[in-house]
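# Observations on the model geometry
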Amino acid sequence: MRASRTALNKTIAMSKNIRVPFSKLPLPPSSHLLTHNLTPDPRTPDPATFFSDVLPRTPSIQRRARLLSPEAHFSYVNPMPLEFPYEIAPPDPPEVVTDKAEYIEQWLSDREAKIPAEPSSATSGNIHLHKYVSKSRNYRRALIALSETCVNDCLPLLDCGDAFATLRPTLVPSKSDNEEVSSSTDAQNARQELVDILGGHVSLMFPDGSDQLGGKGFAPWSLRYSGHQFGAWAGQLGDGRAISILVTPHPSDPDTTYEVQLKGAGRTPFSRSADGLAVLRSSIREYLCSEAMHALGIPTTRSLALVYLPEMPVIRERLETACVTTRVAETFIRIGNFEACSPPSRTMFFFGGGQQHANYEALRTLGEWTAKRVLKLDNVNFDAGDAWGKELVFEVARRNAKMVAAWQAYGFMHGVINTDNVSIAGLTIDYGPYAFMDVFDPNHICNHSDDEGRYAYNKQPNMIMYACRALLDALAPLIGAEMALGDKAVQKGWADNVSDETISGWRAAAIEEVGSTITQIIESVCSTEYGMALRRRLALRRVDTSDQRTIFQPLLDMMENQRLDFHGTFRKLASFQPRMIQEDYDSGAATLEGFIAELLRGTPEPERLNTGNATEEWLTWLNTYAARIESEKTSGEWAGEEFDEARKKAAIAANPRFVLRQWLLEEVIKKVETDPATGKHVLAKVMQMASSPFKPWGREGNVPENELSEEEKEERRYCGLGDRRMLGFQCSCSS
């Protein structure tokens, strides 16, 4: 193993500055691959069997909704985006079909990507995956989005060919933007390979074992997980339309790997009655928001690309078209993966399709992999056999508390914080009916399916607490067993022949021991991180325990009562200086009056605003804020810097000029749906703005409209609050 890792490091080091097509991205060693360390579905036991038996003979086991065997963590699945229900035509020319089941299997097999796309060639050093195509499946596919920030951050070795040249960013597209790009054959081929793989047309596999992969092969897969949805146990859920196609190490740190996953690439065993597809509308929303969140410093999965399938209809609340989103993360493991192995002892199902019995060996295997490889718990001595269960739960609680604190500080609302949508690594995942706060309303509900407001903005920290307690409930038998062993890790077969009474005892002991600590961790981390984030937004460096009471809460109360734009208010406060309220400052009164008037223009309903009262409230708060700022000037937090200028620069760098608002998303979606050829350029520009949200887009300031270019006018409009009728717009879970 050490030799293979050394070889990998050497290969990556030599190729740090060499970009390669997607299929040539390196694989990590076997120790870093989820599929080599967790347990596969016994119906797809390994890549060799999957390739030689499942794909040609029984491909339907990938597409039929079914409960996996309780020990399984995942199932090998090939991408195959197809309209569902499948329209299986009779033979042509007509003939009698004596075995309908066999005919259906053959029909599906003909559409599986299992035919080599090019001759295999011997490689030295690193393994390259082989490309496979289908005999009978071809469809139009078009690359309409590619994230430069995701490529640079996660896949810096990826050669995208001339892809970016075909996606010139502009809010005002012209005919020249759609002119054919002049590029080399190699550049065109690299782009086309990217489109084919990320569009689910070409599959990457290495069916045969390799010494470098510990004698094992590689194939795409989908994860099994369960979960609570809107507080009700849903049973087995799983990756119903997500298929992971690659894991590749980062060249600067081969121990860090990124998993590449297609969303909307066809049915899996977890699709239940759904089609396994995703619509263009929801794909655009996830694509943009993932990178917008990263730019704001909020932990998140990343988005790489959108491949549009214009000829593939999808039925949702209306007839739409399909799109495959490529997302990237160090891990896609969720709290629901643990719940699948150790479900609560309940029999009522309001959603989902049943649940397997607990498999505690699967729980141990998943937990060890997560603790060692994913979370890399440095406070656990694995070699000495120390217990890891409690520390895993505590680390997940810390990470998710930090994440939700950032949500609250930046007014992000997830909308569906079910336990299967909560990442074990504390990443924002599964962007559905999300929203960013417009006019500040702590009770806002962004999901119109959330009738009871379970996932409202002000409930989000509690929902993360609920999810982490669900993780504790799943791991409690194992944690209790570790406690009984004197805080030593359980070993293989730890729960074999153990009575239900003993399991219940372990569970109860663990919950009693660990439950209160989880609460303390989440409350403490969330409070600390939230305070730090708001101080950054207000350009304050010193931690003062009174800030929540004297600065933060009064500010938020004013925003709520005066119905002010949440992000716009923070951005405007970046220009505030304490000297504005000093009596001896030249024309100070006029300056301060104008500043407050500008703040109050942040309401979309000026007719409802009592300007006199609002001005008095701001005067009171600004006096308190000014004193707080001045206290840092004298206490040395900004020593060595020009105080006012440094504070303004810090505030601008923490408060976005551009916010991914609902009205903007709806407009961009409509433009791409109406005309993808020009809409993709608008989408590229919006991604550019979302990835650099603090820049002064649209020549921010007092520059007159008539001095702006058409592009700058659109930039300025896209940084606005938008039509008041779109404020508080709610989305559905339909995607």
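Structural notes, computed from the coordinates. Since this is a predicted model, take the numbers as computed values, not measurements.

## Quick word on the overall build of the protein
When you go through the protein residue by residue, the secondary structure sums to 21 helices and 15 strands. Whereas a compact globule of 735 residues would reach a radius of gyration of roughly 27 Å, the protein reaches 27 Å, a difference of no more than 12%. Residues counted as buried form 58% of the 735 residues belonging to the protein. Across the protein, the fraction of contacts at a sequence separation of at least 24, relative to all contacts at a separation of at least 6, is 74%.

## What about the packing of aromatic side chains?
If you walk through the whole model with that rule in mind, you get 23 aromatic pairs. When the ring of F230 is compared with that of Y455, the centres are 5.2 Å apart and the planes differ by 45 degrees; the resulting orientation is tilted. Placement of the pair is F230 in the loop between β8 (226-229) and β9 (232-236) and Y455 in the loop between β15 (435-436) and α12 (460-484), with a sequence separation of 225 residues. Pairing F576 with F595 gives two aromatic rings, centres 5.6 Å apart and planes at 40 degrees, and the pair type is tilted. Here F595 lies in helix α16 (residues 588-600) and F576 lies in the loop between α15 (566-573) and α16, a separation of 19 residues in the sequence. We note that F576, like F595, is buried. The ring of F84 is capped by R267, whose NZ or CZ atom sits 4.3 Å from the centre of that ring. Geometry around W638 places R541 over its ring, the cationic atom sitting 3.5 Å from the centre.

## Here we look at the sheet that holds strand β2 (residues 113-116)
Pairing in this open sheet of four strands is antiparallel, and the strands run β2-β3-β5-β6 from one edge to the other. The two strands at the open ends of the sheet, each matched to only one other strand, are β2 and β6 (216-218). The average angle at which neighbouring strand axes cross in this sheet is 40 degrees, direction not considered. Two elements, strand β5 (residues 203-210) and β6, share two bridges in a ladder whose sense is antiparallel. Bridging from a neighbouring strand, S210 pairs with K216 of β6. With respect to the sheet, helix α3 (residues 47-57) is in contact with β2, β3 (130-134), β5 and β6, its orientation differing from that of β5 by roughly 125 degrees.

## Topic: the packing of helix α20 (residues 676-691) against helix α21 (residues 710-718)
Working note: a packed helix pair is described by the angle between its axes plus the distance between those axes. Following both chains from N to C, one finds α20 and α21 inclined at 60 degrees, their axes separated by 12 Å at the closest point. Judged by the angle between their axes, α20 and α21 are oblique. Crossing hand, α20 versus α21: right-handed. Residues V682, K685, V686 and M689 of α20 touch α21, and the partners they reach there are E711, E715 and Y718. Across the contact of α20 with α21, the residue classes break down as four nonpolar, no polar and three charged.

## Describing the nonpolar core
Counting 200 residues, the largest nonpolar core has F22, W618 and L660 as the members making the most contacts within it. Once residues within four sequence positions are removed from consideration, W618 is found in contact with L555, M558, Q562, L564, T569, L573, I596, L599 and L600.

## So, empty space enclosed by the protein
Inspection of the entire model under this criterion finds four cavities of 30 Å³ or more. Size it by volume and the largest cavity reaches roughly 70 Å³. Lining the largest cavity we find A292, L296, F436, P656, F658, V659, L660, A690 and P693. Grouping the amino acids of the lining of the largest cavity by side-chain chemistry returns nine nonpolar, no polar and no charged.

## Describing the side chain of S147
In this fold, S147 is placed in the loop between β4 (142-146) and α6 (148-154). Residue classification places S147 among the buried positions, given a relative accessible area of 0%. A polar atom in the side chain of S147 sits 3.1 Å from the backbone nitrogen of C150. Beyond its immediate sequence surroundings of up to four residues, S147 is in contact with F164, Y287, E291, S303, L304 and M687.

## Description of the environment of P310
Looking at the secondary structure, you find P310 in strand β12 (residues 302-315). On the accessibility criterion, P310 (21% relative accessible area) is partly exposed. Spatially, the C-alpha atom of P310 lies 18 Å from that of Y287, the residues being 23 residues apart in sequence. Once residues lying within four places of it in the same chain are set aside, the contact partners of P310 are R140 and T321.

Rules behind the numbers
Residues numbered from 1 in each chain as written. Predicted model: local features only at pLDDT ≥ 70, side-chain atom pairs only at ≥ 80, totals over all residues. Heavy atoms only, no water. Helix = DSSP H or I, 4+ residues; strand = E, 2+ residues; numbered from the N terminus. Rg over C-alpha atoms; globule rule 2.2 N^0.38 Å. Buried < 20%, exposed > 50% of the residue type's maximum accessible area, 1.4 Å probe, protein only. Contact = heavy atoms within 4.5 Å. Phe/Tyr/Trp six-rings, centres within 6.5 Å; stacked < 30°, edge-to-face > 60°. Lys NZ or Arg CZ within 6 Å of the ring centre and 35° of its normal. Pairing = 2+ DSSP bridges. Axes fitted to C-alpha atoms, helices over the stretch in contact; angles between N-to-C directions. Parallel < 35°, antiparallel > 145°, perpendicular 65-115°, else oblique. Left-handed = near helix turned anticlockwise from the far one by under 90°. Nonpolar A, V, L, I, M, F, W, Y, C, P; charged D, E, K, R; others polar. Core = buried A, V, L, I, M, F, W, Y, C linked by side-chain atoms within 4.5 Å. 1 Å grid on protein atoms, 1.4 Å probe; cavity = no way out; pocket = protein on both sides within 12 Å on 5 of 7 lines; lining within 4 Å. Points joined across faces, edges and corners; volume = space filled by probe spheres on them. Polar contact = N/O pair within 3.5 Å; in protein donor to acceptor, adjacent residues only side chain to side chain.

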